[in-house]
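Structural overview
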Amino acid sequence: MNEYAVSIDDIRAAASALDGVVIRTPLLENPDVNAMLGGRLLLKAENLQRTGAFKIRGAYHRMLGLTAEERARGAVTYSSGNHALGLARAVQILGSSAVIVMPSDAPAAKMQAVRDMGAEIVLYDRDTQNSADVVERIMSETGRMEVPPSAHPQVLAGAGTAALEILEDAGGPLDAVLVPCGGGGLTAATAALMAEAAPGTPVFSAEPALFDDTRRSLEAGYRVANPKGHRTICDAIMTPIPGELTFSINRDLLAGGATATDAEVSNAMRFAYERFRIVTEPGAVVGLAAVLNGQVPTKGRTVATIITGGNIDIARFAALLQDEE
């Protein structure tokens, strides 16, 4: 047992609980890409997960941790899309219900998919409102249970099962792991797992260049917010500030933070499609983009990154690939 909110034992228990519910997604490898990079590049394809992203792992595991009475009251959360989709499916499977607080500029396709699964959406303005305040109001008015995107040990344990699968399937030691980072839950769970199961394996957060709050917070030693008003194509990881719980883990365990510009992200989306034949959303490939832009060396090394989701409509996917220079 480690000193953090999630341990390898917690993650292994979550893996048992999620067996038969989530998909064990493939760890993709392309020998031609490896030859080009001079090392091994491994992509954990969570874009092939149920609801198109890793988020169902944590959402479903947290819902399992509620009592029958709490599940009957229903869940509430905030999300720009992927956690919303994961929770909507989780409550559907378990016979519960969910209210999702979503930013008004979230992709329309994600909103429609959430509604299609029966969840209710409450919109907020990410520049003028705090999503946590909206969630708190709904909780007080309805008695619903919060199932946060990352700030709960059971959510972290569920998310960490993706990293556990990487370790089990890699076929050898890893020299670096990059995790696309928004609220920091998947990053923290991965870092905690590696610290116990593969000590010495460096884990890096990967963020859009204008939303690198975790990288800047790591350098400062305390949580630093992103400036308001900026935008990025990586809508899934446009978070205002690192979470308290997740940053307490990431501050101690991460080796550092990598970044990528929107143009580099578009390039990585094209690369993933052309070389691995997978459809990805922008935020999902920030780790891959940081490998391709040289921030994490691959020559003579084995580097893994999690492709966190693939929830993007085909028109936007095609447009972003056309934007690649």
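Now for a quick tour of the structure. These numbers come from a predicted model, not from an experiment.

Within the open sheet, the six strands sit side by side as E1-E2-E10-E7-E8-E9. Their pairing is mixed. Looking at strand neighbours, the two that pair on one side only are strand E1 (27–28) and strand E9 (256–260), the edges of this open sheet. Against the sheet, helix H9 (residues 185–197) touches strand E7 (176–180), strand E8 (203–208) and strand E10 (302–307), its axis set at about 160 degrees to E7. Sitting on the sheet, helix H12 (residues 262–276) touches E1, strand E2 (40–45) and E9, and the angle it makes with E9 is about 85 degrees.

As a further point, take the side chain of Thr 187. Its location among the elements puts Thr 187 in helix H9. Residue class for Thr 187 comes out buried when judged on its relative accessible area of 0%. Beyond its immediate sequence surroundings of up to four residues, Thr 187 is in contact with Val 179, Pro 180, Cys 181, Val 203, Ser 205, Asn 250 and Leu 254.

Okay, the packing of aromatic side chains next. Enumeration according to the criterion identifies two aromatic pairs in this entry. Taking the centre distance of 6.5 Å and the plane angle of 50 degrees together, the rings of Phe 271 and Phe 276 count as tilted. Since its relative accessible area comes to 10%, Phe 271 is described here as buried. Between Tyr 273 and Phe 317, the aromatic rings sit 5.9 Å apart at their centres with planes inclined by 75 degrees, giving edge-to-face as the arrangement. In this pair, Tyr 273 sits in helix H12 while Phe 317 sits in helix H14 (residues 314–323), placing the two residues 44 residues apart along the sequence. Above the ring of Tyr 273, the side-chain terminus of Arg 277 is found at 5.3 Å from the ring centroid.

Counted by the stated rule, this structure contains zero disulfides. The structure places no disulfide on Cys 181, whose sulfur is separated from the nearest cysteine sulfur, that of Cys 234, by 12 Å.

Ranked by size, the top nonpolar core spans 36 residues in total, and within it Leu 178, Val 265, Met 269 and Leu 288 carry the most contacts. No other element matches the six residues that H12 contributes to this core. Ignoring any residue separated from it by four or fewer positions in sequence, one finds Leu 178 in contact with Phe 204, Ala 258, Gly 287, Ala 290, Val 291, Val 296, Val 303, Ala 304, Thr 305 and Ile 306.

Let us look at the environment of Val 179. Tracing the sequence through the fold places Val 179 in strand E7. Along the chain, Val 179 and Ile 307 lie 128 residues apart, while their C-alpha atoms are 8.2 Å from each other. Excluding residues within four positions of it along the chain, Val 179 makes contact with Leu 186, Thr 187, Thr 190, Val 203, Phe 204, Ser 205, Ala 206 and Ile 306.

Most of E2 sits out of view: five of its six residues are buried. Inspection of the sheet shows E1 paired to E2 by two bridges, in the antiparallel sense. The residue of E2 that forms the bridge with Leu 27 is Lys 44. Relative to E10, E2 runs parallel, the two sharing six bridges. Looking at E10, one finds that Leu 42 is bridged to Ala 304.

Our focus in this paragraph is the pairing of strand E3 (residues 75–78). Direction of pairing for E3 relative to strand E4 (residues 98–103): parallel, over a ladder of four bridges. For Thr 77, the partnering residue across the bridge sits in E4 and is Ile 100. Sheet topology places E3 next to strand E6 (residues 145–146); two bridges connect them, and they run parallel. Counted as the bridge partner of Ala 75 is Met 145 from E6.

A separate point is the sheet that holds E6. Spatially, four strands are ordered E5-E4-E3-E6 in an open sheet, and the strand pairing comes out parallel. At either margin of the open sheet sits one strand with a lone partner, and together these are strand E5 (120–124) and E6. Direction of pairing for E4 relative to E5: parallel, over a ladder of five bridges. What sits directly across from Ile 100, in E5, is Ile 121.

Now for unusual backbone geometry. The backbone of Thr 51 shows a phi angle near 60 degrees, a positive value even though the residue is not glycine. Structurally, Thr 51 can be placed in the loop between E2 and helix H3 (56–64). Positive phi is not limited to glycine here, since Arg 277 has a value of about 60 degrees. Position of Arg 277 relative to the elements: it lies in the loop between H12 and helix H13 (286–292).

Calculation criteria
Residues numbered from 1 in each chain as written. Predicted model: local features only at pLDDT ≥ 70, side-chain atom pairs only at ≥ 80, totals over all residues. Heavy atoms only, no water. Pairing = 2+ DSSP bridges. Helix = DSSP H or I, 4+ residues; strand = E, 2+ residues; numbered from the N terminus. Contact = heavy atoms within 4.5 Å. Axes fitted to C-alpha atoms, helices over the stretch in contact; angles between N-to-C directions. Buried < 20%, exposed > 50% of the residue type's maximum accessible area, 1.4 Å probe, protein only. Phe/Tyr/Trp six-rings, centres within 6.5 Å; stacked < 30°, edge-to-face > 60°. Lys NZ or Arg CZ within 6 Å of the ring centre and 35° of its normal. Disulfide = S-S within 2.5 Å. Core = buried A, V, L, I, M, F, W, Y, C linked by side-chain atoms within 4.5 Å.

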